[in-house]
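# Summary of the model geometry
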Amino acid sequence: GNSVTQMEGPVTLSEEAFLTINCTYTATGYPSLFWYVQYPGEGLQLLLKATKADDKGSNKGFEATYRKETTSFHLEKGSVQVSDSAVYFCALTQGGSEKLVFGKGTKLTVNP
Amino acid sequence: KAGVTQTPRYLIKTRGQQVTLSCSPISGHRSVSWYQQTPGQGLQFLFEYFSETQRNKGNFPGRFSGRQFSNSRSEMNVSTLELGDSALYLCASSLTNSGSYGYTFGSGTRLTVV
């Protein structure tokens with residue numbers, strides 16, 4: 001079945017540091033890929049998405065590129081802020097199903 | 001534009017009881033999905049509804065059920081509650097029945113079973 005693997009957390013960075021959170025997936029065909037963010041006490045917010053190979057999703061300074069050859073969708077940000085502290089989830093959907101398959105999540109803490 | 005509304009936000013129930021959670025999707029969204037979030041298992045898919053029809057169901061026991069009404073509002077019910085049902089239950093809505101569109105999540109209902 002489909003699955004998503006994220007790097008284990010937690011990740012702790014200083015403000016203005018570069019962020020990478022690795023995400024790889026297992027799926028047949030061409031899934032759609034997503035990054036969601038969850039702030040403390042809240043639900044999930046869609047951060048960015050990509051629906052086909054080589055697409056780059058971007059939002060709020062975050063970027064991720066759909067790499068079919070490496071089955072990856074790594075999240076990057078050039079300069080993190082304290083307000084980026086949250087849990088980040090990589091996810092996929094496939095085959096017309098609306099079912100999201102999530103990774104375990106990566107907790108990011110950014111210190112001033 | 002109102003977001004996805006879940007009620008109640010917090011709930012405490014006793015083992016053996018049943019519970020009903022409610023979700024109002026974004027106006028115009030016809031697809032509603034439910035997820036369970038726990039520290040141990042992470043985010044797990046429960047059900048998906050589109051135009052009042054259940055299109056997909058996750059690997060949960062029959063104690064977990066749901067439905068969708070003609071106005072797209074959805075409810076999920078858990079009967080004979082167990083301690084392990086304690087979790088954050090998240091509802092998500094989407095405009096289309098295509099998985100590539102993306103979902104808007106509510107803030108969730110935190111269920112505690114004692």
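See above for the structure.
Residues numbered from 1 in each chain as written. Chains lettered and ligands numbered in written order. Predicted model: local features only at pLDDT ≥ 70, side-chain atom pairs only at ≥ 80, totals over all residues. Heavy atoms only, no water.

### Some remarks on the overall build of chain A
Scanning chain A from N- to C-terminus turns up 0 helices and 12 strands. Going residue by residue from the N terminus, the α and β elements of chain A occur as β-β-β-β-β-β-β-β-β-β-β-β. Relative to a compact globule of 112 residues, whose C-alpha radius of gyration would be 13 Å, chain A shows 13 Å and is just as compact. In terms of overall dimensions, chain A has C-alpha extents of about 40 × 30 × 20 Å along its principal axes. Counting all 112 residues of chain A, 46% fall into the buried class. Within chain A, residue pairs in contact and separated by at least 24 positions form 56% of the contacts whose partners lie at least 6 positions apart. Total accessible area on chain A is roughly 5200 Å²; 49% of this is exposed by carbon and sulfur atoms. Within chain A, one finds 10 positive and 11 negative side-chain charges whose respective centroids are separated by 6 Å. (Helix = DSSP H or I, 4+ residues; strand = E, 2+ residues; numbered from the N terminus. Rg over C-alpha atoms; globule rule 2.2 N^0.38 Å. Buried < 20%, exposed > 50% of the residue type's maximum accessible area, 1.4 Å probe, protein only. Contact = heavy atoms within 4.5 Å. Areas by Shrake-Rupley, 256 points an atom, 1.4 Å probe, with all protein chains shown as cover. Lys, Arg positive; Asp, Glu negative; His and termini not counted. Charge placed at Lys NZ, Arg CZ, Asp CG, Glu CD.)

### Quick word on the packing of aromatic side chains
Under the counting rule described, the total for this entry stands at 12 aromatic pairs over all chains. When the centroid spacing of 5.6 Å and the interplanar angle of 85° are considered together, the rings of A:F102 and B:Y35 count as edge-to-face. Of this pair, A:F102 sits in strand β11 (residues 101-102) while B:Y35 sits in strand β4 (residues 31-38), on two different chains. Pairwise contacts between aromatic rings join A:F34, A:Y36, A:F89, A:F102, B:Y35, B:F45 and B:F105 into one cluster. Of note, A:K68 hangs over the ring of A:Y30, and the distance from its end group to the ring centre comes to 4.3 Å. (Phe/Tyr/Trp six-rings, centres within 6.5 Å; stacked < 30°, edge-to-face > 60°. Lys NZ or Arg CZ within 6 Å of the ring centre and 35° of its normal.)

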